[in-house]
Amino acid sequence: MLNRILIFVLIGTFVNVTVQGQLVEDFNPPQANSCLALTAQSLADQLLDWNQLGRYYDENQKLKSLPPEPNRVVFMGDSITDFWNLSKYFPGKPYVNRGISGQTTPQMLVRLFSDVIDLKPATVVLLAGINDIAQNTGPQTAEMVENNIQAMTELAQHHGIKVILCSIMPVSDYPYLKQQEGLIDNKIKTIKWTDNHPASDIIKLNIWLKNYADKVNAVYVNYFDAFVDEKGLLKESYSDDGLHPNDEGYKVMNQIIESEIRKTLE
């Protein structure tokens, strides 16, 4: 009984529930799991490793048991990094992927020692910030995000690791708009990325990233200009969902980052 109470307290603490005191004509609630006990237990389990230090723990232990690669590069980030098949785009290179989907900069900061510094790379490629803007782990100010990136940069540099700071990517609503075509009264609700990823926030953080990189002798990589179209959105041909790069998008990222990595290793 006590365990159940604890689970529901955790749910109440970490989940924001909006209650609207209004009758509706269409009953369309969010889909829920029929087994609430399992759902609550799953949430409680996730909270025990909120920063997801366990995701790469075993892989890190194996790497640390081997002599460090002199040209090792660690890619640290969120889903855009997580989905990046490094072995496909950088065959034979000692590049290590430490991206975790959905993560924000405070979570990455906690992971920095275990997932980056302890692996003794020559360079770390950091792509982060889009999920902070979306408030994946709660609201943050721009200064809070900047402080987290600054802390990761300074820690890496203190341990002799060269830092590449990547611009945040644009987003688009092209897939959303396509799904709305032909619908009557827009009955189907789909994700509209620009609603919770404002372009102004993305641009503001990118300006800070570039200025900060120049200030601390880090490398700034500008993905944004290569991916943005004339409307200020993510180019339709580079993404299938409006947020993550598709194969063509990753090819462009590959071309941009490869030369910058080469410079840091030289």
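One structure accompanies this document, and this report is about it. (Residues numbered from 1 in each chain as written. Predicted model: local features only at pLDDT ≥ 70, side-chain atom pairs only at ≥ 80, totals over all residues. Heavy atoms only, no water.)

**Comments concerning helix α6 (residues 105-115)**
Next up, step 1: Along α6, the residues classified as buried are Thr105, Gln107, Met108, Arg111, Leu112 and Asp115. The arc that holds the buried residues of α6, viewed along the axis, is 155 degrees, so those residues lie on one side.
Next up, step 2: Check the buried side of α6 and you find it contacts α3 (57-64), β1 (73-77), β2 (95-99), β3 (123-127), α7 (130-133) and α8 (142-158). (Buried < 20%, exposed > 50% of the residue type's maximum accessible area, 1.4 Å probe, protein only. Helix = DSSP H or I, 4+ residues; strand = E, 2+ residues; numbered from the N terminus. Arc of directions from axis to C-beta. Contact = heavy atoms within 4.5 Å.)

**Some remarks on empty space enclosed by the protein**
Next up, step 1: For the coordinates displayed, the defined rule picks out two cavities of 30 Å³ or more.
Next up, step 2: Of the volumes computed, that of the largest cavity is approximately 50 Å³.
Next up, step 3: If you go around the largest cavity, the residues you meet are Met76, Leu112, Val124, Leu126, Met152, Thr153, Ala156 and Val163.
Next up, step 4: Those elements giving two or more residues to the lining of the largest cavity turn out to be β3 and α8.
Next up, step 5: For the lining of the largest cavity, the leading source of residues is α8, giving three residues. (1 Å grid on protein atoms, 1.4 Å probe; cavity = no way out; pocket = protein on both sides within 12 Å on 5 of 7 lines; lining within 4 Å. Points joined across faces, edges and corners; volume = space filled by probe spheres on them.)

**Structural notes on the sheet that holds β2**
Next up, step 1: Spatially, β2-β1-β3-β4-β5 is the arrangement adopted by the five strands of the open sheet, whose pairing is parallel. Of all the strands in the sheet, the pair left with one neighbour each is β2 and β5 (219-221). Adjacent strand axes in the sheet meet at a mean angle of 20 degrees when their direction is disregarded.
Next up, step 2: Relative to the sheet, α8 contacts β3 and β4 (162-166), its axis offset from that of β4 by approximately 155 degrees. (Pairing = 2+ DSSP bridges. Axes fitted to C-alpha atoms, helices over the stretch in contact; angles between N-to-C directions.)

**Side note on the pattern of salt bridges**
Next up, step 1: For the coordinates displayed, the defined rule picks out eight salt bridges.
Next up, step 2: Between Arg98 and Glu59 there is a salt bridge whose closest N-O contact spans 3.5 Å. With Arg98 in strand β2 and Glu59 in helix α3, this pair connects stretches of sequence that are 39 residues apart.
Next up, step 3: Judged by its relative accessible area of 2%, Arg98 is buried.
Next up, step 4: Using a relative accessible area of 43% as the deciding quantity, one classes Glu59 as partly exposed.
Next up, step 5: A cluster of three or more residues bridged by salt bridges with shared partners is formed by Lys88, Asp247, Glu248 and Lys251. (Salt bridge = Lys/Arg side-chain N within 4 Å of Asp/Glu carboxyl O.)

**Brief notes about the nonpolar core**
Next up, step 1: Counting 35 residues, the largest nonpolar core has Leu126, Ile149 and Leu165 as the members making the most contacts within it.
Next up, step 2: Once residues lying within four places of it in the same chain are set aside, the contact partners of Leu126 are Met76, Met108, Ile149, Met152, Ile164, Leu165 and Cys166.
Next up, step 3: Membership of the second largest hydrophobic core comes to 23 residues, among which are Leu86, Tyr95, Met169 and Met253. (Core = buried A, V, L, I, M, F, W, Y, C linked by side-chain atoms within 4.5 Å.)

**As for unusual backbone geometry**
Next up, step 1: Positioned with a positive phi, Lys120 is a non-glycine residue whose angle comes to about 55 degrees.
Next up, step 2: Examined against the element boundaries, Lys120 turns out to sit in the loop between α6 and β3.

**Re the side chain of Asn254**
Next up, step 1: By the secondary structure assignment, Asn254 is in helix α13 (residues 247-265).
Next up, step 2: Sequence-distant contacts of Asn254, defined by excluding residues within four places in its chain, comprise Trp84, Tyr89 and Phe90.

**Here we look at α8**
Next up, step 1: Between its terminal C-alpha atoms α8 stretches 24 Å, which fits the 24 Å expected from 17 residues at 1.5 Å a residue.
Next up, step 2: Residues of α8 that are buried: Val145, Glu146, Asn148, Ile149, Met152, Thr153 and Ala156. Seen along its axis, α8 keeps its buried residues to an arc of 160 degrees; they face one direction. Facing away from the buried side of α8, by more than 90 degrees, are the exposed residues Glu143 and His158. (Expected span 1.5 Å × (residues − 1).)

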